[in-house]
Amino acid sequence: MRIAVIGAGALGGTFAALLSRAGHEVEVTARGAQLSAIRERGIRLSGGFGVANARVAASETLSARPDLVLLCTKAQDAEEALVQNAAALEGAAALDGGGGLDGVPVIVVQNGLDGVQTAERVLPNSECFGLLVIIAANYTTPGEVRVTTAAPSYLGRGTGPADAETLRWRGVLAEAAPVIAQSNFVGAQWTKLIVNMLNGLPAITGLTVQEVVAHRGLRIALTRSMREAVQVGIASGVRFGSLQRLSDARLRLFAHMPLWLGQLLPLSMKRRMGNVPNLGSTQQSLRRGQRTEIDYLNGAVERAGLVAGVATPVNAAITALVHEVEQSGEFLSAAHAIGRINAFG
Ligand SMILES: NC(=O)C1=CN([C@@H]2O[C@H](COP(=O)(O)OP(=O)(O)OC[C@H]3O[C@@H](n4cnc5c(N)ncnc54)[C@H](OP(=O)(O)O)[C@@H]3O)[C@@H](O)[C@H]2O)C=CC1
Ligand SMILES: CC(C)(CO)C(=O)C(=O)O
């Protein structure tokens, strides 16, 4: 099958290499040094899914119409990247009779809550799905991607059970990596947003995700940010989707736990992540001198909290501090970060 990957960074590079290794014809889009490295040497994948050196077609925008496309940019780049590639992806209209759409099917591989809707808006004649990823992939050298945690990914759309098209595309992706068909995908996006509270504090401090969870003061701040996010979800009427042993019932219990007990949640996430150092995708953007996705993570919790009438001082503080580090290029010490977060309330 011809599969395109828009945005061959950490996850895009991982999926492109795995799909190529599974025998698919893969084309990726990339920019700058990453594009040059992939053209010259291919994508070098190492870590949890084994080693692969994938020779794939690479350009700034897609050169041909694929059968399936994975959108793997950060959330803030999604719309522009889709628009740039729309000519290769869009269809004319809804097909008669079958109820299907004739645009290229899109799988949005992205954190945050907005990705699938963005794809549906830009490509109204495409079937759009989301892929929630628990894999941790680190990309700090052009052309090289290292999977520090291998884990299944979760494919779905909407709030109901996984439909036939979801099962079909799950089958294709599963040739390359473990993928589970997800029911209540929208609720599962919220569950993943709770997991992504792991991203902000490493980006502020320059520590790995594992070091942040191991640090008592940072772990308390992290637990508070997760508790706020769950409370916002509940107040917004969300039914959390089950993902990686996190269920709606478990998160509702967590929302009312004292902090000393709630800390078990990030500790269990750290245990599942394993010991290979993971910077988290937000810190990796900072280390490459790029804008981060924080407005779609802790920032999304802050915005939803405003609508639902739930105070989110810790998420507001983390969002502001990540922006501060974006501007200054200097990480904060753990003590300084904790002091600043506590000052927010
Ligand atoms: N990395 C991880 O472990 C995980 C990441 N995620 C999520 O997956 C998504 C992707 O993350 P990640 O892979 O880390 O991101 P990266 O920043 O590593 O990769 C995104 C890539 O997209 C490229 N890109 C952006 N816009 C365009 C464009 N218009 N045309 C071509 N290329 C473009 C970027 O290029 P440039 O560098 O030039 O901007 C970059 O190489 C995010 O939402 C993230 O939160 C989820 C789970 C784990
Ligand atoms: C789960 C986690 C923290 C894995 O790295 C992630 O989603 C990210 O880095 O964006």
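Predicted model only: the values in this text are computed from it and were never measured.

Rules used in this analysis
Residues numbered from 1 in each chain as written. Chains lettered and ligands numbered in written order. Predicted model: local features only at pLDDT ≥ 70, side-chain atom pairs only at ≥ 80, totals over all residues. Heavy atoms only, no water. Domains from an automatic or database assignment. Contact = heavy atoms within 4.5 Å. Buried area = accessible area lost by both parts, 1.4 Å probe. Salt bridge = Lys/Arg side-chain N within 4 Å of Asp/Glu carboxyl O. Polar contact = N/O pair within 3.5 Å; in protein donor to acceptor, adjacent residues only side chain to side chain. Helix = DSSP H or I, 4+ residues; strand = E, 2+ residues; numbered from the N terminus. Nonpolar A, V, L, I, M, F, W, Y, C, P; charged D, E, K, R; others polar. Pairing = 2+ DSSP bridges. Axes fitted to C-alpha atoms, helices over the stretch in contact; angles between N-to-C directions.

Draft legend 1. Representation of the domain arrangement of the protein within the structure. Splitting the protein by domain gives domain 1 (2–183) and domain 2 (189–344). On a C-alpha basis, the centres of domain 1 and domain 2 stand 25 Å from each other. The interface of domain 1 with domain 2 comprises 24 residues on the first partner and 25 residues on the second. Counting the surface lost from both domain 1 and domain 2, the interface buries some 2300 Å², and carbon and sulfur atoms represent 51% of this. Counting the surface domain 1 buries against domain 2, the share from its top three residues, Lys74, Gln76 and Leu113, is 27%. Between domain 1 and domain 2 we count one salt bridge in total. Asp77 is the partner of Arg291 in a salt bridge, and the nearest nitrogen-oxygen pair spans 3.9 Å. One can count 14 residue pairs in polar contact (both at pLDDT 80 or more) joining domain 1 with domain 2. Secondary-structure elements contributing two or more residues to the side of domain 1 that touches domain 2 are strand S8 (128–133), strand S9 (136–141) and strand S10 (144–149). When the residues that make up the side of domain 1 that touches domain 2 are grouped by side-chain class, the tally is ten nonpolar, ten polar and four charged.

Draft legend 2. Up close: the sheet that holds S10. One open sheet holds the four strands; their spatial order is S4-S3-S10-S9, and the pairing between them is mixed. Taken across any chain shown, the strands that pair with only one partner, and hence form the sheet edges, are strand S4 (52–54) and S9. Sheet twist, expressed as the average angle between the axes of neighbouring strands with direction ignored, equals 25°. By the bridge criterion, four bridges tie strand S3 (residues 43–47) to S10 in an arrangement that is parallel. The residue of S10 that forms the bridge with Ser46 is Arg146. Against the sheet, helix H1 (residues 10–21) contacts S3, S4, S9 and S10, and its axis sits at roughly 95° relative to S3.

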